[in-house]
Amino acid sequence: MRDVAIIGAGETKYGEHWEKSLRDLAVEAGLKALEDAGIGAQDIQAIFGGNMSAGSFVGQDHVGALIADFAGLAEHKVPAIRVESACASGAAALHSGYMAVASGLYDIVLVGGVEKMTDLQGDMVTDILAGAADREWEVFFGATFPALGAMMARRYMYEYGLTKEQMALLPVIAHKHGAMNPDAHFQREVTVDQVINAPMVADPLTIMNCSPVSDGGAAVVLASADIARKYTDSPIKISASVAANDYLSLHERESLTRSPSTIEAGKKAYKMAKKEPKDIDLVEIHDAFSIIALLGIEDLGFAKKGEGIKLAEEGQLYYDGDLPYNVSGGLKAKGHPVGATGVGQVVEIVKQLRNEAGKRQVPNARVGLAHNVGGTMTSSIVHILEVM
Amino acid sequence: MVVPRFWRERRSRYSLIGTKCPVCGTVYFPPRSVCPKCGRKSVGKMEEVQLSGKGKVYSYTIVHQNVIGYKYQKPYVMAIIETPEGPKLTGQIVDVEPEKVHIGMPVHAVFRRIAEDGKAGIIQYGYKFVPDEE
C-alpha cells in the first residue's frame, strides 16, 4: 500500500438545476477537478463514480460509461465504474479510487459523485430514497426514509431526554454555515423556532430536520503521494479511508441510538491515520436528518453518548469553535444530491485545508474528517484528510 | 409489479413465519438462511418458527408525507415493535388515535390490507398492529 493524495477538487453548485442534466452536472464537476489539478482528461487512468439511483431518478444506468464519454474520455478507452452504497455512494467511490491508487494499479484516478433528483415529483423521490432501507420488510409496510429517521429520533429522546429545541440547533448551525457557502443549496440562516414549527414530515422530524432534494456533482483527482507535488503545491493526503456495514434494517439493530458501523469505521480510521478525535480540526458529518448527525458526533468519539448536543449548545460546532461542524452547510444547507454528497464533503475539506474557503474558513485547519452514511447508518464510510 | 413479488412473501407477511438458529437459539424475522452470530454452523439448519404476534412499541413516528400507495392513509403511525420472541418488526399501528401511541404500549399483530398498486393493480396484504385491550 502506498500513500494517496488529492491533487484537484471541484463541484457544481448544489440546488435545483432545471437547466442541467445528470451528464451536465457530472461533466461540470469532473472538468473543474481536472482544471484544479492542472491536468487533462488524457492523464486520467480510471474513473470511479458514486451514484445512488440514476436508473430510478432519470432512467439512466451505465452511468460510468456516460460520464466518461461526455467528459471526453471515450477516445482514451479509460475504465469508468459506477459505485453504489445508497447515500454513501460518493464516499464508496472515493474508497474505491483510494484502493485503486494505493494498490499501485493506477497512478492517477478521477473520483466523482453525481445525482439528478429534481426531474421527478416529491412522492416518487421519497419512494426511490426508501430503497436505501429494506424494501420488503420496512418500506412495504409504509416506512419512508424520514419515518425511519424519526423513529431513531423518538427513541433517542426517550432514552436521553433530548428535546426538539435542542435537536433544532444542528440545522441552525448548518444553515449559518451554508449562508457563507456560495455553492450551497440554501444560503440563508434559520432559527430554532423556524425549525420546530416547519411542516411535519415524520414526527418529531420537521422538514427542517431533513436534508433537501438536490441536484449536484462533485469530483476529486487522486494521485499516488510520491508524484502529487508534480501537479500541485498543496496536495492533501488521504490518511484514512475506511468503510463498515451493519444490518440493513433499522429494526435489526440492538439499539436505535448508536451506529455500530460508524463506531467501527471511526475507530479504524483513527488508527489508520494515527489520529485521535482531539486531532481533528473540522468535521463534515452526515446530517441527512439531525438525529443522524447527533449519533455521528457521538459515535465518532467527539462526545459521550447522550451528550453530543452539548457541543451545539456550547457553540463549539461553529466554524470558529473547537469542533467546526459541517462548515460547508452540511447535507442540510449545502444540499444532498445523494451520490455526490460523500465526494462533496471531501471537496469542502480540501478547500479548508488549502485555506481557500473564504468567509467560512476554519483557522489553521490541518486535519479534517468526513463521515458519509448510507441508509439508516447502515453503511458508514470515514475519510481523514491532512495537509502533506 | 407482478403477483409473485408479493405471493412469495405470503407466509411471513400473513402468518409471521421467521427462523430460529438451532445453534444459539436466536429467532430472526424475516427468515434468514444463515445466522449472523453462528455463521456456517447454522447453514442448512435454520428452523422455521411462528411469532406469537404480541409485542410492545419500541419506537414510533406519525408520517405526514405523501407516500405512493399510502397517501389516502395519512397521517399514519409507523412503529418498530419489540416481540417477546426477540425480533423487532416494522409496521403500522392502526385503530388508535396517533397521540395515544407511546413507547412501551402493548400491541398485537392483525392481518390487514397494506397498500394497493393503483386502481387496477394488486392489493397487498400483511400485518399491522393494534393496541391490546386496556
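About the thresholds
- Residues numbered from 1 in each chain as written.
- Chains lettered and ligands numbered in written order.
- Predicted model: local features only at pLDDT ≥ 70, side-chain atom pairs only at ≥ 80, totals over all residues.
- Helix = DSSP H or I, 4+ residues; strand = E, 2+ residues; numbered from the N terminus.
- Buried ≥ 20, exposed ≤ 12 C-beta atoms within 10 Å, placed from the backbone.
- Contact = placed C-beta atoms within 7 Å.
- Core = buried A, V, L, I, M, F, W, Y, C linked by C-beta atoms within 7 Å.
- Pairing = 2+ DSSP bridges.
- Nonpolar A, V, L, I, M, F, W, Y, C, P; charged D, E, K, R; others polar.
- Axes fitted to C-alpha atoms, helices over the stretch in contact; angles between N-to-C directions.
- Domains from an automatic or database assignment.
- Parallel < 35°, antiparallel > 145°, perpendicular 65-115°, else oblique.
- Left-handed = near helix turned anticlockwise from the far one by under 90°.
- Expected span 1.5 Å × (residues − 1).

Engineer: Can you help me understand the overall build of chain A in this one?
Structural biologist: Counting its regular elements, chain A contains 15 helices and 11 strands. In chain A, buried positions account for 65% of the 388 residues. Sequence-distant contacts in chain A: of pairs separated by 6 or more residues, those separated by 24 or more amount to 77%.

Engineer: Where do I start with the overall build of chain B in this structure?
Structural biologist: When helices and strands are counted, chain B shows 2 helices and 8 strands. Going from the N terminus to the C terminus, chain B shows its helices and strands as α-α-β-β-β-β-β-β-β-β. Projected onto the principal axes, the alpha-carbon positions of chain B cover approximately 45 × 40 × 25 Å. Counting across all 134 residues of chain B, residues that qualify as buried make up 37%. Partitioning the intrachain contacts of chain B with sequence separation of at least 6 by distance along the chain shows that 50% fall at a separation of at least 24.

Engineer: Could you clarify how one ought to interpret the nonpolar core in this entry?
Structural biologist: Judged by nonpolar contacts, the single largest core of 168 residues is most densely connected at A:I6, A:V111, A:V220, A:V221, A:L222, A:V343 and A:V350. The contacts of A:V111, once residues within four sequence positions are left out, are A:F48, A:A93, A:L94, A:G97, A:A219, A:V220, A:L222 and A:V343.

Engineer: Sorry if this is basic, but what is going on with the pairing of strand 2 (residues 46-50) of chain A here?
Structural biologist: Residues in a regular strand point their side chains to alternate faces of the sheet. Residues and elements named next belong to chain A. The buried count for strand 2 comes to 5 of 5 residues, which makes it a mostly enclosed element. Residues A46, F48 and G50 point to one face of strand 2 and I47 and G49 to the other, with burial holding for every one of them. In this sheet, strand 4 (residues 108-115) lies alongside strand 2 in parallel orientation, the contact comprising 5 bridges. The residue of strand 4 that forms the bridge with G49 is G112. As paired elements, strand 2 and strand 3 (residues 80-83) share 4 bridges and run parallel to each other. Bridging from a neighbouring strand, I47 pairs with A80 of strand 3.

Engineer: For this particular structure, what's the right way to read the interface of chain B and chain A?
Structural biologist: When the parts of a complex come together, some accessible area is lost, and that lost area is often used as the size of the interface. Contacts between the two partners involve 24 residues from chain B and, on the opposite side, 27 residues from chain A. When residues of the side of chain B that touches chain A are traced back to their parent elements, those giving at least two are strand 4 (54-63), strand 5 (76-82) and strand 6 (88-93) of chain B. Split into classes, the residues belonging to the side of chain B that touches chain A amount to 13 nonpolar, 9 polar and 2 charged.

Engineer: For this particular structure, what's the right way to read the sheet that holds strand 2 of chain A?
Structural biologist: Two orientations exist for strands paired in a sheet by backbone hydrogen bonds: parallel and antiparallel. Residues and elements named next belong to chain A. With mixed pairing, 9 strands are arranged side by side in an open sheet as 3-2-4-7-1-8-11-10-9. Bordering the open sheet on either side are strand 3 and strand 9 (282-285), each of which pairs with just one other strand. Taking the axes of each pair of neighbouring strands and ignoring which way they run, one obtains an average angle of 25 degrees across the sheet. Two strands pair when backbone bridges link them, and strand 1 (residues 4-11) and strand 7 (residues 216-224) are joined in this way by 7 bridges, in the antiparallel orientation. Pairing of I6 across the sheet is with L222, part of strand 7. Helix 15 (residues 338-353) contacts strand 1, strand 2, strand 4, strand 7, strand 8 (236-245), strand 9, strand 10 (367-374) and strand 11 (379-387) of the sheet and is inclined by roughly 125 degrees relative to strand 4.

Engineer: Help me understand the domain arrangement of chain A in this model?
Structural biologist: All names here are of chain A. With domains assigned, chain A is organised as domain 1 (4-121 + 214-236) and domain 2 (123-211 + 239-387). Taken together, the contact between domain 1 and domain 2 spans 42 residues of the former and 38 residues of the latter. Residue assignment for the side of domain 1 that touches domain 2 shows that the elements contributing at least two residues are strand 1, helix 2 (54-57), helix 4 (89-102), strand 4 and strand 7. The element contributing the most residues to the side of domain 1 that touches domain 2 is helix 4, with 8 residues. A per-class count over the side of domain 1 that touches domain 2 returns 21 nonpolar, 17 polar and 4 charged.

Engineer: What exactly am I supposed to notice about the packing of helix 11 (residues 260-273) of chain A against helix 12 (residues 290-299) of chain A here?
Structural biologist: Packed helix pairs are specified by the crossing angle of their axes together with the interaxial distance, meaning the distance between the axes. Residues and elements named next belong to chain A. Direction vectors running N to C along helix 11 and helix 12 enclose 40 degrees, while the axes themselves pass 9 Å from each other. In terms of orientation, helix 11 lies oblique with respect to helix 12. Remark: the crossing between helix 11 and helix 12 carries right-handed chirality. Across the interface between the two elements, T262, I263 and G266 from helix 11 touch L295, G296 and D299 from helix 12. Among the residues making up the contact of helix 11 with helix 12, the classes are represented as 2 nonpolar, 3 polar and 1 charged.

Engineer: Can you walk me through helix 1 (residues 22-37) of chain A in this structure?
Structural biologist: Note on helix geometry: an α-helix contains 3.6 residues per turn, so any two residues three or four positions apart are oriented the same way. Residues and elements named next belong to chain A. Taking 1.5 Å as the rise per residue, helix 1 with 16 residues should run 22 Å; its terminal C-alpha atoms sit 23 Å apart, in good agreement. Of all 16 residues in helix 1, 12 are buried, a share of seventy percent or more. In this structure, the buried residues of helix 1 make contact with strand 1, helix 2, helix 3 (63-70), strand 4 and strand 7.

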